[in-house]
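# Observations on chain architecture
Read off the chains here:
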Amino acid sequence: MRMFNNKELENKIINGEELTADEIKYVYYKRIFEQVDRFGGDDCRWVRPITVIYKINDSYYSIYYYKGLTEYQEDEFESQVANKVEKRPVTIYEWVKVD
């Protein structure tokens with residue numbers, strides 16, 4: 001895996017600059033920033049989208065990748081801008097049976 005300058009990556013994230021797929025992979029596997037949350041979406045045929053939240057200084061940023069679901073599927077990373085995010089309460093409605 002190619003090495004990157006951690007401070008340069010931090011600056012790119014904070015400044016809203018696009019990260020290459022290799023940079024995203026490096027951030028994820030090398031764990032150079034504090035990972036505070038990780039959650040998945042609905043499975044696709046061969047992969048599951050995963051969002052990872054990192055704390056950088058006193059702000060939070062999200063990146064995503066696709067987790068391979070079989071031993072033959074590798075994790076997939078795409079070029080992207082890390083979005084600045086915040087945690088907020090969300091109300092969810094569900095359909096339930098009426099008695």
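The structure contained in this document is the topic of the report that follows.

Definitions and limits used
- Residues numbered from 1 in each chain as written.
- Predicted model: local features only at pLDDT ≥ 70, side-chain atom pairs only at ≥ 80, totals over all residues.
- Heavy atoms only, no water.
- Helix = DSSP H or I, 4+ residues; strand = E, 2+ residues; numbered from the N terminus.
- Polar contact = N/O pair within 3.5 Å; in protein donor to acceptor, adjacent residues only side chain to side chain.
- Contact = heavy atoms within 4.5 Å.
- Core = buried A, V, L, I, M, F, W, Y, C linked by side-chain atoms within 4.5 Å.
- Buried < 20%, exposed > 50% of the residue type's maximum accessible area, 1.4 Å probe, protein only.
- Pairing = 2+ DSSP bridges.
- Salt bridge = Lys/Arg side-chain N within 4 Å of Asp/Glu carboxyl O.
- Phe/Tyr/Trp six-rings, centres within 6.5 Å; stacked < 30°, edge-to-face > 60°.

## Considerations on the side chain of Asp75
As for its placement among the helices and strands, Asp75 is situated in the loop between β4 (59–68) and β5 (80–81). Looking at Asp75, its side chain comes within polar contact range of the main-chain nitrogen of Gly68, at 3.1 Å. Other than its neighbours up to four places away in sequence, Asp75 contacts Tyr29, Tyr65, Tyr66, Lys67 and Gly68.

## Digging into the nonpolar core
If you look at the biggest cluster of nonpolar residues, it comprises 18 residues, and the most contacted ones within it are Ile13, Val52, Tyr54 and Ile63. When contributions to this core are tallied by element, the ones reaching two or more residues are α1 (6–14), α2 (21–30), β3 (47–56) and β4. Every residue in contact with Val52, bar those within four places of it in the chain, is listed here: Tyr28, Gln35, Asp37, Arg38, Tyr61, Ser62, Ile63 and Tyr65.

## Here's the deal with the pairing of β4
Note that β3 and β4 share 10 bridges and pair antiparallel. Bridge pairing in β4 links Pro49 to Tyr66. Between β3 and β4, which pair antiparallel and follow one another directly, the connecting turn spans two residues, one of which, Asn57, has a positive phi of 55 degrees. As defined by bridge partners, β4 adjoins strand β6 (residues 83–85) across three bridges and the pair is classed as antiparallel. Looking at β6, one finds that Tyr60 is bridged to Val85.

## Here we look at the pattern of salt bridges
Oppositely charged side chains are able to pair whenever their charged atoms sit close together. One pass over the full model with this rule turns up five salt bridges. With its nearest N and O atoms 2.5 Å apart, the salt bridge here joins Glu86 to Arg88. By the burial criterion, Glu86 is exposed, and Arg88 matches it.

## Structural notes on the packing of aromatic side chains
For the structure shown, the criterion picks out seven aromatic pairs. Taking 5.1 Å as the distance between ring centres and 70 degrees as the angle between the ring planes, the aromatic pair formed by Tyr28 and Tyr29 counts as edge-to-face. With relative accessibility at 9%, the residue Tyr28 sits in the buried group. With a centroid separation of 5.6 Å and an interplanar angle of 65 degrees, the aromatic rings of Tyr29 and Phe77 are classed as edge-to-face. Linking Tyr29 in helix α2 with Phe77 in the loop between β4 and β5, this pair joins segments that are 48 residues apart in sequence. Aromatic ring contacts, followed pair by pair, group Tyr28, Tyr29, Tyr65 and Phe77 into a single cluster.

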